[in-house]
Amino acid sequence: MLILGIETSCDETAAAVVRDGRVILSNVIYSQSDIHSSYGGVVPELASRMHIDTIIPVVTEALGQAGIGLENIDAVGVTRGPGLVGSLLVGLSFAKALAFAIGKPLAGVNHIEGHIAAIFLNEVLPSFPFLALVVSGGHTNTYLVDEKETIKLIGQTRDDAAGEAFDKGAKLLNIGYPGGIVIDRLAQNGNESAVKFPRPLPEGHDFSFSGLKTALLNYVKKNGLPDNSDALANIAASYQEAIVDVLVEKTLRAAELIAVRDIVVCGGVAANSRLRFCMDQETRKRGYRLFIPPLILCTDNAAMIAAAAHRLLIAGHSNGLDLNAVSRFCPDLVRLPV
Ligand code: KG4
Ligand code: ZN
């Protein structure tokens, strides 16, 4: 089954062709970050307009790279939310029109389920049930995913998402956008023990990052912005280390309590080099198997949406042309039962 995936939930216009939910034939991502960077964040109105300009070339490129025509597509998978509603509507309207024109089924995908499904594009697959940490710009959630692919929420952030903590931290340090990748790069030359930032570990399985952000703000207020790159790198590395420590510790505590062996880490922040390294070290030490998608499948892409759509379709889910975009989902509504 050849699925065309479409993703426009934020500032990436993406299209991909995936065979049988496993094999990527093409994965085209047009990032708008250059346009938004001068504003220090995504401007929703601009994002929607850019998606309108780029959706047709991006889909055409995805089909071209896969070496197929529209007549070869068996289904269309598209992100229906959560995300910026104007952006979502561009991809969704396009996908609906296309599915209608070629007379093929349409599957609306929850973006979070998409991030988890990125792991099904791996060569080696995790065994069910597994714990998934979805860590992105909008979400820091842990889920238990079982054989029936019931996706049960275990923990969530009480305030900022980890990606938000990276992005807001970078803004505070005035080092650019998108913050996660800038901090990741800068931190490579820094000392992660230079500044003592708190490790917020709320009770239960939830996360909280707003206190950490405030600690950085207070540090900058007290000491001013550093005047040399070494000091800046030290702050970035220390701040990143606090986020990573919390993500690793909370995830492993949840894995222990739920008694799973396999852990999946996905979403944009899973691209963070320090998180990948520390998760790898700690899971090995404590006897878990770790699965993290390659970098290109961590940040937003449409291959993960096609992979998720494939699983939805074989489980009997598809959507009509009345499918609408949803800006926010209740985090435990990742997939409704068939
Ligand atoms: O999954 P994603 O592409 O979009 C959302 O669904 O939100 O995640 C974007 C988030 C942003 O907050 C970005 O700063 C963060 O992922 N991110 C990173 C890295 N690359 C992207 N955070 C830390 N280190 C990175 N290397
Ligand atoms: Zn995402």
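Residues numbered from 1 in each chain as written. Chains lettered and ligands numbered in written order. Predicted model: local features only at pLDDT ≥ 70, side-chain atom pairs only at ≥ 80, totals over all residues. Heavy atoms only, no water.

**Student:** What exactly am I supposed to notice about the coordination of the zinc ion (ligand 2) here?
**Tutor:** Six octahedral donors around a metal ideally subtend angles of 90 or 180 degrees, whereas four tetrahedral donors ideally subtend 109.5 degrees. Every protein donor of the zinc ion (ligand 2) is accounted for by H111 (NE2), H115 (NE2) and D300 (OD), and the metal-donor separations fall at 2.0 to 2.1 Å. Taken in chain order, the donor set of the zinc ion (ligand 2) reads H-x3-H-x184-D. On the criterion of sequence distance, the pair formed by H115 in helix 4 (residues 111–117) and D300 in the loop between helix 10 (295–298) and helix 11 (303–314) is long-range, its members being 185 residues apart. For H115, a relative accessible area of 1% translates into the label buried. The class for D300 is buried, based on a relative accessible area of 16%. (Donors = N, O, S within 2.8 Å, 3.2 Å for Na, K, Ca; no water. Helix = DSSP H or I, 4+ residues; strand = E, 2+ residues; numbered from the N terminus. Buried < 20%, exposed > 50% of the residue type's maximum accessible area, 1.4 Å probe, protein only.)

**Student:** So what exactly am I meant to see when it comes to the site of ligand 1 here?
**Tutor:** Not every one of the 17 residues close to ligand 1 is listed here, only the nearest: H115, G137, D167, D184 and N272. Here G180 contributes a backbone N or O atom positioned 3.1 Å from an oxygen atom of ligand 1. Protein burial of ligand 1: of its 550 Å² of free accessible surface, 88% is covered by the chains. Among the elements of the structure, helix 4, helix 5 (162–172) and helix 6 (179–187) are those that each provide at least two residues to the shell around ligand 1. Of the residues belonging to the shell around ligand 1, the class tally is 4 nonpolar, 10 polar and 3 charged. (Near = heavy atom within 4 Å. Polar contact = N/O pair within 3.5 Å; in protein donor to acceptor, adjacent residues only side chain to side chain. Areas by Shrake-Rupley, 256 points an atom, 1.4 Å probe, with all protein chains shown as cover. Nonpolar A, V, L, I, M, F, W, Y, C, P; charged D, E, K, R; others polar.)

**Student:** Whenever I open this one, the sheet that holds strand 2 (residues 12–19) confuses me. Can you help?
**Tutor:** Hydrogen bonds between backbone atoms are what pair the strands of a sheet, whose relative direction is either parallel or antiparallel. An order of 3-2-1-4-5 is seen for the 5 strands of this open sheet, with the pairing classed as mixed. Whereas interior strands pair on both sides, the edge strands pair on one side only; in this sheet they are strand 3 (23–31) and strand 5 (106–110). Strand-to-strand, the axes of this sheet are offset by a mean angle of 20 degrees, without reference to chain direction. Sheet analysis places strand 1 (residues 2–7) next to strand 2, joined by 6 bridges and oriented antiparallel. (Pairing = 2+ DSSP bridges. Axes fitted to C-alpha atoms, helices over the stretch in contact; angles between N-to-C directions.)

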